[in-house]
There are 2 protein chains.
Amino acid sequence: VPAEEPIARRYAAVVTVGSEIVEGLRLDTNTREIAFALSSRGYHVRETVSVGDDIDVLGDLFEALLASCEVVVATGGLGPTHDDITREAASRALRLPLEERAELLDRLERLARRHRTASARDNVMRQAQILRGATVLEPTSGTAPGQVARAHGTAALVLLPGPPHEMRPMLEQALALLPATGRAPARQLSCAGITESDAQLLVQPILENHHGVGLTLLATPGLVSVVLLDDGAGPDAVHAATLACAAVLGPACYSTQGETLAEVVVRTATQKGIALATAESCTGGLVAAALTSVPGSSAVYLGGVTSYADSAKRGLLGVSDDTLESAGAVSAKTAEEMAGGVRVRLGANLSVAVTGIAGPSGGTADKPVGLVWFAVSSGAGTRSERRNLFGDRDGVRARATVTALDLLRREIERA
Amino acid sequence: VPAEEPIARRYAAVVTVGSEIVEGLRLDTNTREIAFALSSRGYHVRETVSVGDDIDVLGDLFEALLASCEVVVATGGLGPTHDDITREAASRALRLPLEERAELLDRLERLARRHRTASARDNVMRQAQILRGATVLEPTSGTAPGQVARAHGTAALVLLPGPPHEMRPMLEQALALLPATGRAPARQLSCAGITESDAQLLVQPILENHHGVGLTLLATPGLVSVVLLDDGAGPDAVHAATLACAAVLGPACYSTQGETLAEVVVRTATQKGIALATAESCTGGLVAAALTSVPGSSAVYLGGVTSYADSAKRGLLGVSDDTLESAGAVSAKTAEEMAGGVRVRLGANLSVAVTGIAGPSGGTADKPVGLVWFAVSSGAGTRSERRNLFGDRDGVRARATVTALDLLRREIERA
């Protein structure tokens, strides 16, 4: 397909159902996941909506969205309780009856028998109700099946359960059933140690030579994501643009596969057999928590120290009284002694240390809130870096955590 | 107002504007905050919607929502760039012109002068454009002002900037300008160490004696929130119901003021002068990170150890070879030696230790994934507790973190 004649856009919408969401009692994370899955497959997500457990409101919403979108994906309201009204709302909107599916009865009847009252048993069995003609998505966990129903023409209504671990595997199944958009999936170049505007300056000239490839930049504290979208150029051109962007971004780009920074650190350290340790003051355990969030991190991460008080820096890491008194807790020398101390005490090959002022209080004219010293220590020596990080307490801590992980990553790359 | 004649519901809607949100590139956290602020002030939030940076789509959405809601709060799209189309969309929907406000010119002209090109200066000055008759919300950080505009009748359209730290203070200002709903704010009883169904069994009988008070239960990993809503009973009745619920929930209820568990631990430890320390294996720094997320935690939290490898348990905490060999790393004895070790080494009054199997691998028939041992150590002695926690790696780690914080909280309460 030539870039001058892009394929017509396929529109999509995402709906989450649940009064606890519209009342602000629960943060909805499904919408972002589903919207990303749709847009990275080339759908244009027109809107995302959350509504309460109200059959009329939801029925009208389904009808309105299916009039303008080819795919509507909804989560929530598929369970066994009275509040679970998504099936009925879909039935009204599509004017399709709900029918008990024989293939679901066995499993649900086994579940129903565990309940003592007839009404509880009936509730369980409500989950066997499927829209006429819909494809059933069997649950891999949980009890409620999902459904992919056809609306008018080629439009599809996808119903998925609300709990994210039940939703995720069914989303993959459902997407495989949807018509192809003819567009390549979005590609994401994850970067650290570079500003959003510097990343833009580097990649902009490349995109001028790749017509039909769209660019979005996304900054989160300490990280920048360069996203390339297929605006008609096709998979080969998107792939070529991705390689060209990765080349100009150089070592700032840590993944083109959607890995997190901590995942890259754990994977590369494992490949090279480098045992890691951490020493944290202002990040207070966030670097350790990020590394240990990665399954398999126990193979390379030995452990660390959160040395919040000076006594902890002395007692657990061996930072000297002299350093703490003359240079202070937030200094190059303290960071270096923290990094060296934790590496030697744990027998690690590589360590990182962080000490700084996260705020809101504790800042001075000399050492303002946001000042953070980092040190990296290996058998080859110890070196420190100073950064002035932007943001409130949470912002400084998040940026310091990313910086520490990035220092580890670059050190491992060089090793 | 008697419970039999509740005040008419006031409807509200929340809108977020930004292509990066509908494309799933960024998690929208503003919607939850705004929806909670509205519903806890008695508004019935009918729906929350996110749309891209499209002036027609947004204009139509504003018009549709203002036809059925008394308040529409929108975030995003108020900045200086070409993508920032919320002002124009609101102008179309309300049929009100945008006018340059004299009171904003001084500040914005100072900002504009920093830019070199005329178009960049013009962009900055776009932020002085305010809907005719609207109230300006001055920014406390960032550059874009917010606006509260009147639609037909009493309906209000509130425009706020997208960055959460710019949005939050303006949201409070805007809410103070909205008509009162006549309903008391929602009350939240935050609980730990109790299941959702046990909490329900305890509070349900109380609500049968408090007509016009609504109940919502909300479970997040390890925590349960009991939310009481004014369904017409009025502030005094909601307050009385809150006290009665707190009494039956007993020590499981850690806050009726919206504090986090870590905030309660830091506050009560500070009040009682109890210095804290942590030793973590499977939670990998999350307990330390939660405590240090609280401003002022440095007054009571001395530090901790993330002893992921056995060598770290031995070297940094003094867990004995004999214990690690005979009882294993996930055992009562190891947890107790970890808690005692970190308390003595840091000179703390109270410590907590966590060691368990977060998965996905590492589980055995004897010690399955989800098995976690906790220990609490003080001058009075050390005791351990075993829990079998539910969930995947993230779920087990989150529940173990909450359990550790709750053990600290209850121990501090007794001290």
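What you are looking at is a predicted structure, and each value in this text was computed from that prediction instead of being measured.

Asks: Help me understand the overall build of chain A in this model?
Replies: Within chain A one finds 15 helices and 17 strands. Summarising its shape, the C-alpha atoms of chain A cover approximately 80 × 65 × 40 Å along the three principal directions. Residues counted as buried form 55% of the 415 residues belonging to chain A. In chain A, of all internal contacts separated by at least 6 residues, the share reaching a separation of at least 24 is 68%. In the form shown here, chain A has an accessible surface area of approximately 16600 Å², with 52% of it arising from carbon and sulfur atoms. Charged side chains of chain A number 39 positive and 47 negative; the gap between the two group centres comes to 4 Å.

Asks: Hey, could you run me through the pairing of strand 9 (residues 187–192) of chain A in this one?
Replies: On a regular strand, one side chain projects to one face of the sheet and the next to the other, so that they alternate. Residues and elements named next belong to chain A. Pairing between strand 9 and strand 11 (residues 223–230): 6 bridges, direction antiparallel. In the sheet register, Ser-190 faces strand 11, and the bridge partner there is Ser-225. Strand direction decides the pairing type here: strand 9 and strand 12 (residues 253–255), joined by 2 bridges, are antiparallel. Pairing of Cys-191 across the sheet is with Cys-253, part of strand 12.

Asks: I'm lost on the sheet that holds strand 6 (residues 135–137) of chain B in this one. Help?
Replies: Adjacent strands of a sheet form backbone hydrogen bonds with each other and so pair up, either parallel or antiparallel. Reading across from one edge, 6(A)-7(A)-8(A)-3(A)-1(A)-2(A)-2(B)-1(B)-3(B)-8(B)-7(B)-6(B) is the order of the 12 strands in this open sheet, with mixed pairing throughout. The open sheet terminates on both sides in strands that have one partner only, identified here as strand 6 (135–137) of chain A together with strand 6 of chain B. On average, each strand axis in the sheet is inclined to that of its neighbour by 15°, with strand direction left out of account. When strand 1 (residues 10–17) of chain B meets strand 2 (residues 43–51) of chain B, the two strands line up parallel, connected through 8 bridges. Directly across from B:Arg10, in strand 2 of chain B, lies its bridge partner B:Tyr43. Packed on one face of the sheet, helix 3 (residues 55–68) of chain A meets strand 1 (10–17), strand 2 (43–51), strand 3 (71–75) and strand 8 (156–160) of chain A and runs near 170° to strand 1 of chain A.

Asks: Honestly, empty space enclosed by the protein in this entry has me stumped. Any pointers?
Replies: Rolled over the atoms, a probe as big as a water molecule pinpoints where empty space is left. Counting across every chain of the model gives 3 cavities of 30 Å³ or more. Around the largest cavity, the lining is made up of 18 residues, and of these A:Asp28, A:Thr31, B:Asp28, B:Thr31 and B:Ser50 lie nearest the centre. Counting residues per element, the ones that place at least two in the lining of the largest cavity are helix 2 (30–40) and strand 2 of chain A together with helix 2 (30–40) and strand 2 of chain B. Among the residues making up the lining of the largest cavity, the classes are represented as 6 nonpolar, 6 polar and 6 charged.

Asks: Please clarify how the interface of chain B and chain A should be interpreted in this entry.
Replies: As a measure of interface size, the accessible area lost when the parts come together is often cited. At the interface, 55 residues of chain B touch 55 residues of chain A. Roughly 4600 Å² of surface becomes buried between chain B and chain A when both sides are summed, with 61% attributable to carbon and sulfur atoms. When the area that chain B buries against chain A is broken down by residue, the three leading residues are B:Leu25, B:Tyr308 and B:Leu316, summing to 13%. At the junction of chain B and chain A, the tally comes to 0 salt bridges. Seen at the junction of chain B and chain A, the total is 28 residue pairs in polar contact (both at pLDDT 80 or more).

Asks: I would appreciate a short explanation of the relation of the copies chain B and chain A in the present structure.
Replies: For the pair chain B and chain A, the relating rotation is 180°, the translation along its axis is 0.2 Å, and the fit reaches an RMSD of 0.2 Å. The symmetry that links the two subunits is that of a two-fold axis. The share of interface residues of chain B whose copies in chain A are also at the interface is 100%, consistent with both copies meeting through the same surface.

Asks: Whenever I open this one, the packing of aromatic side chains confuses me. Can you help?
Replies: To describe a pair of aromatic rings, one takes the distance between the centres and the angle between the planes. The full count for this structure, using the stated rule, is 2 aromatic pairs over all chains. Centroid distance A:Tyr301 to B:Tyr308: 5.8 Å. Interplanar angle 55°. Geometry classified as tilted. Residue A:Tyr301 is located in strand 14 (residues 301–307), and its partner B:Tyr308 is located in the loop between strand 14 (301–307) and helix 12 (310–317); the two belong to separate chains. Residue classification places B:Tyr308 among the buried residues on the basis of a relative accessible area of 13%. A cation over an aromatic ring shows up here: B:Arg46 above the ring of B:Tyr11, its NZ or CZ 4.2 Å from the ring centre.

Asks: Explanation requested: the sheet that holds strand 14 of chain B in the structure shown.
Replies: Reading across from one edge, 17(A)-16(A)-15(A)-13(A)-14(A)-14(B)-13(B)-15(B)-16(B)-17(B) is the order of the 10 strands in this open sheet, with mixed pairing throughout. Every interior strand has two partners, whereas the edge strands, strand 17 (381–388) of chain A together with strand 17 (381–388) of chain B, have only one. Here the average twist between neighbouring strands, direction ignored, is 10°. The pairing of strand 13 (residues 276–280) of chain A with strand 14 of chain A spans 5 bridges and is classified as parallel. Counterpart to A:Ala277 in the pairing with strand 14 of chain A is A:Gly303.

The rules behind the values
- Sequence order as written defines the numbering, with residues in each chain counted from 1.
- Each chain takes a letter, starting from A, and each ligand takes a number, starting from 1, following the order in which they are written.
- Two thresholds apply to this predicted model, a pLDDT of at least 70 for residue-level local features and 80 or more for giving and counting side-chain atom pairs, whereas whole-chain, interface and lining totals are computed over all residues.
- Only hydrogens and water are set aside; all other atoms, that is, all heavy atoms of the structure, feed into the side-chain values.
- Counting from the N terminus, the helices are DSSP H or I runs at least four residues long and the strands are E runs at least two residues long.
- Think of it in three bands: with a 1.4 Å probe and only protein chains considered, a residue is buried below 20% of the maximum accessible area for its type, exposed above 50%, and partly exposed in between.
- Should any heavy atoms of two residues lie within 4.5 Å, those residues are considered in contact.
- Per-residue and other accessible areas follow the Shrake-Rupley method at a 1.4 Å probe size, with only the shown protein chains counted as cover for residues.
- His is not counted, nor are the chain ends; Lys and Arg add positive charge and Asp and Glu add negative charge.
- Lys charges are placed at NZ, Arg charges at CZ, Asp charges at CG and Glu charges at CD.
- In this scheme, strands are said to pair when DSSP sees at least two bridges between them.
- Structural elements are reduced to axes, namely lines fitted to C-alpha atoms, with helices fitted over the stretch in contact, and the angle between N-to-C directions of any two is expressed from 0 to 180 degrees.
- The method works on a 1 Å grid over the protein atoms by themselves. A cavity is a set of points holding a 1.4 Å probe that cannot get out, a pocket is an open set with protein on both sides within 12 Å along at least five of seven lines, and residues with an atom within 4 Å of a point line them.
- Grid points are joined across faces, edges and corners, and a volume is the space filled by probe spheres set on the points.
- Three classes are used, and their members are as follows: Ala, Val, Leu, Ile, Met, Phe, Trp, Tyr, Cys and Pro are nonpolar, Asp, Glu, Lys and Arg are charged, and the others, Gly among them, are polar.
- The term buried area denotes the loss of accessible surface (1.4 Å probe radius) that occurs when two parts are joined, taken as the sum for both partners.
- Every case where a carboxyl oxygen of Asp or Glu lies within 4 Å of a side-chain nitrogen of Lys or Arg is listed as a salt bridge.
- Residues adjacent in sequence count toward polar contacts only when both atoms are side-chain atoms; beyond that, a polar contact is any pair of N or O atoms within 3.5 Å, and within protein one must be able to donate a hydrogen and the other to accept it.
- C-alpha atoms of residues with pLDDT of at least 70 in both copies form the basis for the least-squares superposition of the copies.
- Pairing of aromatic side chains here covers Phe, Tyr and the six-membered ring of Trp, requires ring centres within 6.5 Å, and sorts the geometry by plane angle: under 30 degrees stacked, over 60 edge-to-face, intermediate tilted.
- The criterion is that NZ of a Lys, or CZ of an Arg, lies within 6 Å of the ring centre and within 35 degrees of the ring normal, and then a charge sits over that ring.

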